[in-house]
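Tertiary structure, described
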Amino acid sequence: GRGTGRVGERLCQCLHPDLRYRLDRNHLALDHRPHHHYRPGGFRHRRPGRVGAAARQPGQPDHQCRPPHDEGRRGGADRPHALGRYDLHQQGRADRIGDAGPGRRQQLRNLAEGTIDAGTSLDLGGGTPHNAGLLGNGGTLGKTVITGSLIQSDTASLRIRLDQKTGAADSFAITGTGKLAGQLRPTILALTTIKPGTFVRTILSAAETLDVSGLRIGSSAILGHVLGARDGKLSFATTIDFAPQALSRSGRVIGQVIANAQNAGQGHFRSMLPRLVGLVQHGDLDQAYYNLSGAGTSAVSTVGTQMSNAFMTSLVRQPGGSDRSQTWNLWGRDLGGLSQTSTRGVGMGTLSTRLGGQALGIDARPDKDTLAGLAVSVGSTSFSTSNWVNGRSDVYQFGLYGVKRVEAAYLAGALSFGSHDTVLDRMLPLTGTRYSSRFHGWHYGARLETGYRLETEVAGLAPYGALQVQDFRTPASTETAAGPQLSAAGLRFDRRSTWDTRFELGAARDRTFTLDGNRDLTLRASAAWLHRASSNPDVVADFQAAKADRFSVDATAPVSDLALLSADLGLNLTPNLFVGVRVESELADRSHVFSGTGRVNYRW
């Protein structure tokens, strides 16, 4: 061939399997494009007087696949030339499977793995193309006329492009009959600029009968598609709704923020729109909006109250076997805990927390039935969720506590204050961008516990009740993106105050054993019902790069009812030295909290 890539005259009968071809009006042409499908601009038979000719269209490359000279004259100069029957394959091969014969219509079969990108016309001289692959308009957005009939099988797809801005859409006009099954594949042009609304277009018509009973179309959570056939025409309605009613309240709030930004022509959500629009299930869209809203960062208050609870509980737990004759008591405790809480449906997924620290305290007994003291604690917390929110805090706590006994009854109380130097890290799967923020939170807490110890022949039994209240506060904070440019999804959070109330009702059983060397071993076990109530305020924020409304979304509420189990072991090594260990668990259907305390007391 010549430098332009002209192919031989008999190539239409035996096309090379390693080359790619396109149907281009009057001929099969070698395609040098890098993709692997066909780009036909139409396919039409020869008119009398042009038999065997392969006249180029304007702008067409000079590498036409002309029919062989002797075949071109088959049937005489007054007959249209019959190119024959061809099968199209994805691998870039067009196999000729027979001659159409004199006076017969052309036959073209697009196999299941093939693609035809038509232009303004697809003309087989009244023949019928059989589409089992992908058929679409590869040219300018608009109408494609199919001269003849069209049959589309169940494995096929018909691609329709739509432009919401101009209102234009692809359409196919069939001069004969149409029988279509398979999938209708709408493609929204300029997808990143779409706005809420509905537009309707006629996308298919047939001069004779039109049967589209086997044609299917799928919708996404944002894009809703409806087909309607009447009087030989097929209409197509598309509704764009960023906040469908099937979403949660918080999901609709974020969806409306995006809708407002799109209506205003703002571009800060455009990079994530293709992925959002591609989400089919409403639950997936709801979860994507949840991640976008930053509501998962509310877990920081859950972890902070866990650390405060571990500290205050340790203040009012008195070691068994203590000697009330001692005036001063210096103690140290090692605090630690793990927890895992899962949410149903949309939310942070699984929240895993870890805490640890050390506490040091001193107390005194003004009399044998009264104790008062103070304590300090230094520790750290960390948490992670299965939906890409992580955090860590350095925690400093200070507490006051006291116990008053009246015969077999007791009343214990504690007050605490804590500072939480917190770093939050959030990754947004929609964009792959990481955001971080840093702030100083703090908490206030109070615990009141009362009980009555009953002596039995075997062991002591002490029913008890406790009430604990905490307020965890976080200031206003601003996220920064990890990348070189600030992403539009970076958030500014309002300050937040979360009240957490715990009520415990249960009983403890203890027994003391005297060992050799005047040492006492005390075993204590308790079981209680734990009820938690949280104010759980909404997360209020806005997007930094957006001129959008502030929004308020639901935070994740803690589990309300749990079983509280604990076991305690203590040993008096000397009259002045006591060591012990305590393990505790809070168990519910979707929440498991495990904590432990090791302690050393020195009394004098």
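The model shown is predicted, which means the values in this text are computed figures rather than measured ones. Throughout this document, residue positions are counted from 1 along each chain, in the order its sequence is written. The predicted nature of this model means local features are confined to residues of pLDDT at least 70 and side-chain atom pairs, given and counted, to a pLDDT of 80 or more, with totals for whole chains, interfaces and linings taken over all residues. For side-chain calculations, the full set of non-hydrogen atoms in the structure is used, while hydrogens and water are omitted.

Some words on unusual backbone geometry
Note: most residues except glycine have negative phi, and most peptide bonds are trans. Where we set the bar: We count a stretch as a helix when DSSP gives it H or I for four or more residues in a row; a strand needs E for two or more, and each element gets its number in order from the N terminus.
Here the phi dihedral of Ala190 falls at roughly 50°; this positive angle occurs in a residue that is not glycine. Even without a glycine there, the phi angle at Glu407 is positive, about 55°. With respect to the helices and strands, the residue Glu407 is situated in the loop between strand 24 (389-406) and strand 25 (409-428).

Thoughts on the sheet that holds strand 35 (residues 551-553)
In a beta sheet, neighbouring strands pair by backbone hydrogen bonds and run either parallel or antiparallel. Threshold: At least two bridges found by DSSP between two strands is the condition for calling them paired. The contact criterion used throughout is that any non-hydrogen atoms of two residues lie within 4.5 Å. Between the N-to-C directions of two axes lies an angle of 0 to 180 degrees, each axis being a line fitted to C-alpha atoms and, for a helix, fitted only over the stretch in contact.
Overall, antiparallel pairing links the 4 strands, which are arranged 29-31-34-35 in an open sheet. The open sheet is flanked by strand 29 (477-478) and strand 35, the only strands paired with a single partner. Together, strand 31 (491-493), strand 34 (539-543) and strand 35 form the strand contacts of helix 4 (residues 282-293), whose direction differs from that of strand 31 by roughly 65°.

Comments concerning helix 5 (residues 299-316)
To keep things clear, this is the line we draw: Helix span is expected to be 1.5 Å times the residue number reduced by one. Burial classes follow relative accessibility: with a 1.4 Å probe on protein chains only, a residue under 20% of its type's maximum area counts as buried, one over 50% as exposed, and anything between as partly exposed.
Along its 18 residues, helix 5 runs 27 Å from first to last C-alpha, staying within 8% of the 26 Å computed at 1.5 Å per residue. By the criterion of burial, helix 5 is predominantly enclosed, with 18 of the 18 residues buried.

Observations regarding the pairing of strand 32 (residues 496-515)
With 15 bridges joining them, strand 28 (residues 460-474) and strand 32 adopt antiparallel strand pairing. Across the sheet, residue Arg473 finds its bridge partner in strand 32, namely Ser497. With 16 bridges joining them, strand 32 and strand 33 (residues 519-534) adopt antiparallel strand pairing. Bridge pairing in strand 33 links Phe503 to His531. From the end of strand 32 to the start of strand 33, which pair antiparallel, there are 3 residues, and Gly517 there has a positive phi angle of about 80°.

Examining a nonpolar patch on the surface
Applied cut-off: Candidate patch residues must exceed 30% relative accessible area and have no salt bridge, after which like charges are joined if within 9 Å and Val, Leu, Ile, Met, Phe, Trp or Tyr side chains if within 5 Å. The protein chains shown are the only cover counted for residues, whose accessible areas, like all others here, come from Shrake-Rupley with a 1.4 Å probe. Any Lys or Arg side-chain nitrogen located within 4 Å of an Asp or Glu carboxyl oxygen qualifies as a salt bridge.
On the surface, Trp328, Leu330, Leu360, Ile362, Leu374, Val376, Phe398, Leu400, Leu415, Tyr602 and Trp604 cluster together into a nonpolar patch covering about 1000 Å² of accessible area. Within the element layout of this structure, Leu330 appears in strand 21 (residues 328-342).

Quick look at the side chain of Thr433
What counts, and what does not: Under the rule applied, a polar contact is a pair of N or O atoms within 3.5 Å (in protein, one hydrogen donor and one hydrogen acceptor; residues adjacent in sequence only if both atoms are side-chain atoms).
Counting through the fold element by element, Thr433 comes out in strand 26 (residues 433-452). One polar contact links Thr433 to Thr431, side chain to side chain, over a distance of 3.2 Å.

Overview of the packing of aromatic side chains
Under the convention used in this document: Planes of paired rings set the category: under 30 degrees apart is stacked, over 60 is edge-to-face and the rest tilted, where pairs are Phe, Tyr or Trp rings (Trp by its six-membered ring) whose centres lie within 6.5 Å.
One pass over the full model with this rule turns up 7 aromatic pairs. Arranged with centres 6.5 Å apart and planes meeting at 15°, the rings of Trp328 and Trp604 form a pair that is stacked. Of this pair, Trp328 sits in strand 21 while Trp604 sits in the segment after strand 38 (591-603), and the two are 276 residues apart along the sequence. For Trp328, a relative accessible area of 39% puts it in the partly exposed group. With relative accessibility at 41%, the residue Trp604 sits in the partly exposed group.

Points about empty space enclosed by the protein
Selection criterion: Buried and open spaces are told apart on a 1 Å grid over the protein atoms alone, a cavity being a set of points where a 1.4 Å probe fits but cannot get out and a pocket being an open set with protein on both sides within 12 Å along at least five of seven lines. Residues with an atom within 4 Å of a point are the lining residues. Grid points are joined across faces, edges and corners, and a volume is the space filled by probe spheres set on the points.
Applying the stated criterion across every chain yields a total of 9 cavities of 30 Å³ or more. Here the largest cavity is characterised by a volume of approximately 460 Å³. If you go around the largest cavity, you meet 38 residues; those closest to its centre are Gln306, Asn309, Arg502, Glu586 and Val593. Secondary structure elements with two or more residues in the lining of the largest cavity: helix 5, strand 21, strand 22 (350-367), strand 32, strand 37 (577-588) and strand 38.

Topic: the sheet that holds strand 17 (residues 197-206)
If you walk across this open sheet you meet the 6 strands as 9-12-15-17-20-19, and the pairing is mixed. With partners counted over all chains shown, the strands left at the sheet margins are strand 9 (121-123) and strand 19 (223-230), one partner each. Each strand of the sheet is rotated relative to its neighbour by a mean of 20°, with strand direction disregarded. Relative to strand 20 (residues 233-240), strand 19 runs antiparallel, the two being bridged by 8 bridges. Looking at the pairing, Leu227 lines up with Phe236 of strand 20.

Concerning the pattern of salt bridges
The final tally for this structure, using the stated rule, is 24 salt bridges. Between Asp154 and Arg216 there is a salt bridge, and its shortest N-O distance comes to 2.7 Å. Taken together, the residues Asp154 in the loop between strand 13 (150-152) and strand 14 (157-162) and Arg216 in strand 18 (residues 210-217) connect sequence positions 62 residues apart. Of the residues examined, Asp154 reaches a relative accessible area of 49% and is grouped as partly exposed.

Notes on the confidence of the model for the protein chain
Regions with low pLDDT carry predicted coordinates that are not meant to be interpreted in detail. Where we set the bar: pLDDT is a per-residue confidence score from the predictor, ranging from 0 to 100.
Overall, the prediction assigns the protein chain a mean pLDDT of 81, with 80% of residues at 70 or greater. Every residue in residues 1-86 scores below 50 in pLDDT, and together they form 204 contacts with partners more than four places removed in sequence or on other chains. Within the model, the stretch residues 89-101 combines pLDDT values under 50 with 53 contacts to residues more than four positions away or in other chains.

A few points about helix 2 (residues 249-263)
With 15 residues, helix 2 extends 21 Å between its outermost C-alpha atoms, agreeing within 8% with the 21 Å of an ideal straight helix rising 1.5 Å per residue. If you check which residues of helix 2 are buried, you get Ser250, Gly251, Ile254, Gly255, Val257, Ile258, Ala259, Ala261 and Gln262. Elements that come into contact with the buried residues of helix 2 comprise helix 3 (273-277), helix 4, strand 34 and strand 35. At the C-terminal side of helix 2, Gly265 shows a positive phi close to 75°.

A short note on the side chain of Thr422
The residue Thr422 is located in strand 25 in this model. For Thr422, a relative accessible area of 1% corresponds to the buried category. Within the structure, Thr422 has its side chain in polar contact with the side chain of Ser393 (distance 2.8 Å). Each residue touching Thr422, except ones within four places of it in the same chain, is listed here: Val300, Arg392, Ser393, Ser437, Arg438 and Phe439.

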